[in-house]
Each structure stands twice: as structure tokens, then as C-alpha cells.
Amino acid sequence: MNATTEPFTPSAQLARPSVADAVVGFDAMPLFIRKPNPDDGWGIYELVKSCPPLDVNSAYAYLLLATQFRDTCAVATNEEGEIVGFVSGYVKSNAPDTYFLWQVAVGEKARGTGLARRLVEAVMSRPELAEVHHLETTITPDNQASWGLFRRLADRWQAPLNSREYFSTDQLGGEHDPENLVRIGPFQTDRL
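Residues numbered from 1 in each chain as written. Predicted model: local features only at pLDDT ≥ 70, side-chain atom pairs only at ≥ 80, totals over all residues. Heavy atoms only, no water.

I keep staring at the overall build of the protein chain and nothing clicks. Help me out?
Along its length, the protein chain carries five helices and eight strands. In the protein chain, the succession of α and β elements from N to C terminus is α-β-β-α-α-β-β-β-α-β-α-β-β. Burial analysis of the protein chain (192 residues in total) assigns 46% to the buried set. Long-range pairs, those at least 24 residues apart, make up 60% of the contacts in the protein chain with a sequence separation of at least 6. On the protein chain, roughly 10500 Å² of surface is accessible, and the fraction owed to carbon and sulfur atoms is 50%. (Helix = DSSP H or I, 4+ residues; strand = E, 2+ residues; numbered from the N terminus. Buried < 20%, exposed > 50% of the residue type's maximum accessible area, 1.4 Å probe, protein only. Contact = heavy atoms within 4.5 Å. Areas by Shrake-Rupley, 256 points an atom, 1.4 Å probe, with all protein chains shown as cover.)

What is the right way to look at helix H3 (residues 59–68) in this model?
Since the α-helix advances by 3.6 residues per turn, residues separated by three or four positions end up pointing in the same direction. Within H3 the residues assigned to the buried category are Ala 61, Tyr 62, Leu 65 and Ala 66. Angular distribution of buried residues about the axis of H3 spans 140°; they occupy a single face of the element. Opposite the buried face of H3, by more than 90 degrees, sit the exposed residues Tyr 60 and Gln 68. Looking at the buried positions of H3, the neighbouring elements they touch are helix H2 (41–49), strand S4 (83–92) and strand S5 (95–106). (Arc of directions from axis to C-beta.)

Please clarify how the pairing of strand S8 (residues 179–184) should be interpreted in this entry.
Sheet faces and side chains relate simply in a regular strand, where the side chains alternate between the two faces. Counting buried positions along S8 yields five of six residues, so the element is predominantly enclosed. Bridge analysis of strand S6 (residues 134–139) against S8 gives five bridges, and the strand direction is antiparallel. The residue bridging Thr 138 from the neighbouring strand is Leu 181, located in S8. Strand direction decides the pairing type here: strand S7 (residues 161–167) and S8, joined by six bridges, are antiparallel. Bridge assignment links Arg 164 to a residue of S8, and that residue is Leu 181. (Pairing = 2+ DSSP bridges.)

For this particular structure, what's the right way to read the nonpolar core?
The tendency in soluble globular proteins is for nonpolar side chains to be buried side by side. If you look at the biggest cluster of nonpolar residues, it comprises 32 residues, and the most contacted ones within it are Val 87, Tyr 99, Leu 115, Met 124, Leu 135, Trp 157 and Ile 184. Counting only elements with at least two residues in this core, the list comes to strand S2 (29–34), strand S3 (74–77), S4, S5, helix H4 (115–124), S6, helix H5 (144–156) and S8. With seven residues, the single largest contributor to this core is H4. By size, the runner-up hydrophobic cluster in this structure holds 13 residues, among which are Cys 51, Ala 66, Cys 73 and Phe 86. (Core = buried A, V, L, I, M, F, W, Y, C linked by side-chain atoms within 4.5 Å.)

Please explain the packing of aromatic side chains as it appears in this structure.
Geometrically, a pair of aromatic rings is defined through the distance of the ring centres and the angle of the planes. The tally for this structure, following the rule as stated, stands at six aromatic pairs. Between the aromatic rings of Tyr 45 and Tyr 62, the centroid separation amounts to 6.4 Å while the plane-to-plane angle is 50°, which identifies the pairing as tilted. Pair noted here: Tyr 45 is in helix H2 and Tyr 62 is in helix H3, with a separation of 17 residues, a long-range link. Across the pair, Tyr 62 and Tyr 45 agree in class, each one buried. Between the aromatic rings of Trp 157 and Phe 187, the centroid separation amounts to 4.6 Å while the plane-to-plane angle is 50°, which identifies the pairing as tilted. Remark: Phe 187 occurs in the segment after S8 and Trp 157 occurs in the loop between H5 and S7; sequence separation between them is 30 residues. Phe 187 matches Trp 157 in its accessibility class, with the two residues each being buried. (Phe/Tyr/Trp six-rings, centres within 6.5 Å; stacked < 30°, edge-to-face > 60°.)

Even after reading the chapter, I still don't get a nonpolar patch on the surface, so can you show me in this structure?
Residues Tyr 166, Phe 167 and Leu 172 make up a contiguous nonpolar surface patch of about 230 Å² in total accessible area. Within the secondary structure, Phe 167 sits in strand S7. (Patch = residues over 30% accessible without salt bridge, like charges linked within 9 Å, V, L, I, M, F, W, Y side chains within 5 Å. Salt bridge = Lys/Arg side-chain N within 4 Å of Asp/Glu carboxyl O.)

Looking at this structure, how should I read the environment of His 134?
The topology assignment puts His 134 in strand S6. Each C-alpha atom, one on His 134 and one on Arg 183, is 6.9 Å from the other, the two residues being 49 residues apart in sequence. With residues up to four places along the chain from it excluded, the contact list for His 134 reads Asp 97, Thr 98, Tyr 99, Arg 183, Ile 184, Gly 185, Pro 186 and Phe 187. Within the local environment of His 134, its side chain forms a polar contact with the side chain of Arg 183, the two groups lying 3.3 Å apart. (Polar contact = N/O pair within 3.5 Å; in protein donor to acceptor, adjacent residues only side chain to side chain.)

Have a look at this one:
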């Protein structure tokens with residue numbers, strides 16, 4: 001059996017406009033959005049740890065997202081290759097027109113740049129998601145930053161936003177706030 005591997009490119013090399021899907025931010029601090037790779041797992045883990053109230057998963061989980069789900073995830077790096085933003089999600093197998101956004105994280109260095117929206121739109125604009133017309137996520141009732149982001153996305157995409165309780169505190173072991181399922185759509189990805 002012949003194993004084929006993609007060429008490995010370190011994160012610092014990926015933080016270049018020729019490799020990035022998008023360049024955002026300010027002239028003084030450009031940010032590069034791209035698909036993650038195996039070299040990014042630990043950096044994603046460290047970023048999420050620095051972004052409460054996000055639930056921190058294992059470094060292994062982020063490594064899996066950076067490899068097995070790379071077409072539906074994105075990282076943002078600064079010029080030094082440091083990961084300052086991350087979005088993860090997947091297209092639902094039982095609803096292929098729906099992208100489920102698992103986490104979005106923006107580090108302190110990149111806050112105020114609109115990076116969260118740009119990360120989501122970078123993923124949603126990929127050819128792999130051309131048939132996606134709904135976005136779902138879960139948000140705790142008190143996470144005002146996330147509610148604001150998803151309301152802005154719905155307004156920007158001219159799509160309805162609906163929510164309902166999805167997981168109760170009891171279902172989450174009694175030590176976690178309830179999670180509301182938020183659904184945006186339908187929308188047209190070719191207009192993002």
C-alpha cells in the first residue's frame with residue numbers, strides 16, 4: 001500500500017498572502033485566514049483556553065478538527081504565524097444544507113477587527129459549502145458576544161434567526177448553563 005501525504009507547510013509559512021484564503025484586519029496588523037493543518041492543533045487549543053467562557057476541549061480534539069474537518073474550519077494568524085482566531089464546524093450528515101458551527105474564538109490581539117464574522121464567512125464561502133443554506137449553533141442565554149455575532153450575521157445575510165432551548169442544564173450535568181439552538185437561514189452562500 002502506498003501512502004500519500006500532502007506536503008507539510010509550517011504555520012509561519014502559511015501566514016503569507018499567497019497561501020491564505022483571505023487577508024483581513026488593519027494595515028498595521030494584517031490577519032490571514034486559511035484552512036487549519038496538523039501543525040495548528042496546539043495553537044488552537046491554547047487560543048480557546050484564553051477565550052472564556054468557551055468550553056475547552058482536548059488538544060487531541062483540536063488536532064482532529066485541524067485535520068479531519070479542515071474544509072469546514074478556519075484559523076486566522078498574524079504575520080508571525082500565531083493563531084489569533086478559529087472557527088470550527090461541520091456540514092450535518094442528516095441535513096447537508098446545514099452547517100453546524102461548533103466554536104468560534106478570537107484572541108485578545110485580534111478583538112475589534114470583525115474577525116469572528118470574517119472567519120465564519122470565509123468558511124461559508126468555500127466551494128465545499130456551496131449547497132449550505134442554513135447555519136446552526138448553540139449559545140448559552142448569557143453569552144452576549146455570541147448572540148450579537150449571530151444576530152449581525154442574520155442581518156447581514158438577510159436571513160431569519162430562530163432559537164429554542166436545545167440542551168437543558170440537567171442534560172449538561174447540572175454544572176453548565178443551558179444551550180439554545182440558534183438557526184439562521186435560508187441564505188445564499190454566493191452572496192456572502
